[in-house]
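The chain contents come next:
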Amino acid sequence: MRAQSLAEQAYQAIREGIATGLFDAGERVTERGLAARLNVSPTPIREAIRRLEQEGLIERVSARQLRVVEHSPDALRELMLTSAALRAMEARFATRKITDDALDRMAALVDTLATEHDRTDSDYLRIAREFDLEIEKAADNPTLRGIIGSLSVVGHERRTRSVVSMRTHTEIGERRIQGHRDILAALRSRDADAVEQAFRRHATTGVELLLGDLD
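The shown structure was predicted, so the numbers you read here are calculated from the model rather than taken from an experiment.

1. Here we look at the overall build of the protein
Part 1 of the argument: Across its full length, the protein holds 10 helices and 3 strands.
Part 2 of the argument: Going residue by residue from the N terminus, the α and β elements of the protein occur as α-β-α-α-β-β-α-α-α-α-α-α-α.
Part 3 of the argument: At 19 Å, the protein has a C-alpha radius of gyration in line with the 17 Å of a compact globule built from 215 residues.
Part 4 of the argument: With respect to the three principal axes, the spread of C-alpha positions in the protein is 55 × 40 × 30 Å.
Part 5 of the argument: Expressed as a percentage of its 215 residues, the buried residues of the protein come to 40%.
Part 6 of the argument: Taken as two groups, the 33 positive and 36 negative side-chain charges of the protein have centres that lie 4 Å from each other.

Structure (structure tokens):
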């Protein structure tokens with residue numbers, strides 16, 4: 001049980017490192033180096049790497065050396081659009097479950113994004129994440145959430161650049177705020193179709209914002 005637990009922890013830690021940019025795309029790593037970095041034995045690292053290879057996040061370049069996969073712009077866009085569609089489905093599931101208190105908290109978060117212009121880039125990302133978390137908690141679908149998590153390959157650096165773009169081009173930021181308001185209005189109406197459509201539209205435009213510099 002302990003070995004399984006350590007393997008799961010190692011998998012989550014490495015995967016999170018890839019998603020947040022702790023490990024760069026194309027970076028070469030070794031089992032021994034990862035074990036030392038995470039302060040565990042090589043055994044759970046091997047199991048974690050096996051799963052990451054199956055997911056296409058790490059590839060083996062030699063008997064002892066591995067590399068963090070660098071996705072092409074098209075492959076990355078497809079992964080993120082798939083995630084956007086699944087997150088929209090998750091929002092649909094949340095429609096009938098989410099409480100009025102949660103919706104009020106989400107409304108306050110959107111107002112904060114719209115009015116507090118001196119916030120940092122990290123503040124913006126945190127507040128937007130809190131908005132999404134209310135939907136995830138209400139949906140309460142661990143299986144779907146696990147699939148969505150497996151598609152998360154965009155790190156903190158690229159997300160921060162998208163916030164910078166919104167600051168530079170205020171019309172983009174205003175559209176993002178309106179997208180949050182559209183989702184919130186659909187949730188308040190308890191219209192699952194409208195929620196899914198609003199969330200998918202918002203998430204899809206977010207993908208293009210995140211990947212705009214690849215074109």
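2. With respect to the pattern of salt bridges
Part 1 of the argument: This model, assessed by the stated rule, comprises 20 salt bridges.
Part 2 of the argument: Note that Arg92 and Asp193 form a salt bridge whose closest N and O atoms lie 2.8 Å from each other. Of this pair, Arg92 sits in helix H4 (residues 73-94) while Asp193 is found in helix H10 (residues 192-211), placing the two residues 101 residues apart along the sequence.
Part 3 of the argument: Taking the relative accessible area as the measure of exposure, Arg92 reaches 27% and is therefore partly exposed.

3. Here we look at helix H6 (residues 121-139)
Part 1 of the argument: Over its 19 residues, H6 extends 28 Å from the first C-alpha to the last, a length consistent with the 27 Å expected when each residue adds 1.5 Å.
Part 2 of the argument: Within H6, the full set of buried residues consists of Tyr124, Ile127, Ala128, Phe131, Asp132, Glu134, Ile135, Glu136, Ala138 and Ala139.

4. Description of the packing of helix H5 (residues 100-115) against helix H9 (residues 170-189)
Part 1 of the argument: Packing of H5 against H9 leaves a shortest axis separation of 10 Å and a crossing angle of 165 degrees. What the angle tells us is that H5 and H9 run roughly antiparallel. Both H5 and H9 take part in a crossing whose hand is left-handed. Where H5 approaches H9, its residues Leu103, Asp104, Met106, Ala107, Val110, Asp111, Leu113 and Ala114 are matched on the opposing element by Ile177, His180, Arg181, Leu184, Leu187 and Arg188.
Part 2 of the argument: Looking at the contact of H5 with H9 residue by residue, the classes come out as 9 nonpolar, 1 polar and 4 charged.

5. Here we look at the environment of Met106
Part 1 of the argument: In this structure, Met106 sits in helix H5.
Part 2 of the argument: Put simply, Met106 and Glu134 are 28 residues apart on the chain and 7.3 Å apart in space, counted from C-alpha to C-alpha.
Part 3 of the argument: Those residues within four positions of Met106 in sequence are excluded, and the remaining contacts are Ile98, Phe131, Glu134, Ile135, Leu184 and Leu187.

6. A closer look at the packing of H6 against H9
Part 1 of the argument: Where H6 meets H9, the closest approach of the two axes is 12 Å, and the angle between their N-to-C directions is 20 degrees. One finds that H6 runs roughly parallel with respect to H9. Considering how the two elements wind past one another, H6 and H9 form a crossing that is left-handed. Counted together, Tyr124, Ala128, Phe131 and Ile135 of H6 and Arg176, Ile177, His180, Ile183 and Leu187 of H9 form the full contact between these two elements.

7. Some words on the sheet that holds strand S1 (residues 28-30)
The strands making up a sheet associate through hydrogen bonds between their backbones, and the pairing can be parallel or antiparallel.
Part 1 of the argument: On the basis of which strands lie adjacent, the open sheet formed by 3 strands has the order S1-S3-S2 and antiparallel pairing. In this open sheet, the two edge strands, each paired with only one partner strand, are S1 and strand S2 (58-60). Here the strands of the sheet are splayed against their neighbours by 40 degrees on average, with no regard to which way each runs.
Part 2 of the argument: When S1 meets strand S3 (residues 65-68), the two strands line up antiparallel, connected through 3 bridges. Bridging across to S3, Val29 finds its partner in Leu66.
Part 3 of the argument: The sheet contacts of helix H2 (residues 31-38) involve S1, S2 and S3, and relative to S1 the element is tilted by about 75 degrees.
Part 4 of the argument: Set on the sheet, helix H3 (residues 42-54) makes contact with S2 and S3; between it and S2 the angle comes to about 105 degrees.

8. Describing the side chain of Glu196
Part 1 of the argument: Tracing the backbone shows Glu196 in helix H10.
Part 2 of the argument: The exposure class assigned to Glu196 is buried, which follows from its relative accessible area of 17%.
Part 3 of the argument: A distance of 2.8 Å separates polar atoms of two side chains, one belonging to Glu196 and the other to Arg92.
Part 4 of the argument: Leave out the neighbours within four places in its chain, and Glu196 touches Ala88, Met89 and Arg92.

Parameters and conventions
- Residues numbered from 1 in each chain as written.
- Predicted model: local features only at pLDDT ≥ 70, side-chain atom pairs only at ≥ 80, totals over all residues.
- Heavy atoms only, no water.
- Helix = DSSP H or I, 4+ residues; strand = E, 2+ residues; numbered from the N terminus.
- Rg over C-alpha atoms; globule rule 2.2 N^0.38 Å.
- Buried < 20%, exposed > 50% of the residue type's maximum accessible area, 1.4 Å probe, protein only.
- Lys, Arg positive; Asp, Glu negative; His and termini not counted.
- Charge placed at Lys NZ, Arg CZ, Asp CG, Glu CD.
- Salt bridge = Lys/Arg side-chain N within 4 Å of Asp/Glu carboxyl O.
- Expected span 1.5 Å × (residues − 1).
- Axes fitted to C-alpha atoms, helices over the stretch in contact; angles between N-to-C directions.
- Parallel < 35°, antiparallel > 145°, perpendicular 65-115°, else oblique.
- Left-handed = near helix turned anticlockwise from the far one by under 90°.
- Contact = heavy atoms within 4.5 Å.
- Nonpolar A, V, L, I, M, F, W, Y, C, P; charged D, E, K, R; others polar.
- Pairing = 2+ DSSP bridges.
- Polar contact = N/O pair within 3.5 Å; in protein donor to acceptor, adjacent residues only side chain to side chain.

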